[in-house]
Amino acid sequence: MERRDVDHPTGIHVDDVVIRTATEADAEAIGQLWEKLVSYHHALDNQLPTATGEGGSVYARRIANRIEDTHTRALVAVHDGRVIGFALGVIVDMMPEMFEQEIGGFLADIYVEDDYRRLGVGRRLVYEMGKWFRSRGIQHMEWYVAARNRDGRTFWESLVGRDIMVRMRMEL
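Given the structure is predicted, the values throughout are model-derived calculations rather than measurements.

1. A few points about the environment of Ala22
Tracing the sequence through the fold places Ala22 in the loop between strand E1 (18–21) and helix H1 (27–44). Since its relative accessible area comes to 4%, Ala22 is described here as buried. The sequence separation of Ala22 and Glu157 amounts to 135 residues, and the corresponding C-alpha distance is 26 Å.

2. What to know about helix H3 (residues 121–135)
For H3, built from 15 residues, the straight-helix expectation of 21 Å at 1.5 Å per residue is met to within 8% by its first-to-last C-alpha distance of 21 Å. All of the buried residues in H3 are Val121, Gly122, Leu125, Val126, Met129, Gly130, Trp132 and Phe133. Check the buried side of H3 and you find it contacts E1, strand E2 (72–79), strand E3 (82–92), strand E4 (104–112), strand E5 (141–143) and helix H4 (150–158). The first or second residue beyond H3 is Gly137, which carries a positive phi of 85°.

3. Side note on the packing of aromatic side chains
The final tally for this structure, using the stated rule, is 6 aromatic pairs. Geometrically, the ring pair formed by Trp34 and Tyr59 is stacked, given 5.1 Å between the ring centres and 15° between the ring planes. Pair noted here: Trp34 is in helix H1 and Tyr59 is in helix H2 (residues 55–66), with a separation of 25 residues, a long-range link. Across this residue pair, the class does not change: Trp34 and Tyr59 are buried. Measuring from centroid to centroid gives 5.2 Å for Trp132 and Phe133, while their planes differ by 50°, and the two rings are tilted. Comparing Trp132 with Phe133, the two get one shared label, buried. Ring pairing ties together the aromatic residues Trp34, Tyr59 and Phe86, which thus form one cluster.

Conventions adopted
Residues numbered from 1 in each chain as written. Predicted model: local features only at pLDDT ≥ 70, side-chain atom pairs only at ≥ 80, totals over all residues. Heavy atoms only, no water. Helix = DSSP H or I, 4+ residues; strand = E, 2+ residues; numbered from the N terminus. Buried < 20%, exposed > 50% of the residue type's maximum accessible area, 1.4 Å probe, protein only. Expected span 1.5 Å × (residues − 1). Contact = heavy atoms within 4.5 Å. Phe/Tyr/Trp six-rings, centres within 6.5 Å; stacked < 30°, edge-to-face > 60°.

Right, here's the structure in full:
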């Protein structure tokens, strides 16, 4: 792969980041990044939930338990031996007894550490997840993005993501 010059304030280059399938040994680091993802979303909108004290550990166990699941893929972004990002994808189908089947990919979570944003790490995680979904015969991928996450919406729109449904909330 040809190295592209990127002017990033940290001096980090996207080609120095390795994207690979997660292993059970990565689960704890993924759980810690998930906690940061939840905190990031809550800071954007306090209506979004916070993690419980054990939330990251529970998430890590769930990742570890799904490493061999053929319908789940966890990817990690690694720089200098440290997990700095992750993505979790799941193959889903809609209730087959009610809907015509269109099996799809669902990108459940994605997070990249602050210092590694705007380098292309998130884009590479999405690209690799898309490759995995395509290898399973999946034709589309969906995800949620927080309404107040302007950077996230811009990121997804740059990847030609489009709104198909809006989730709304009303306090009772």
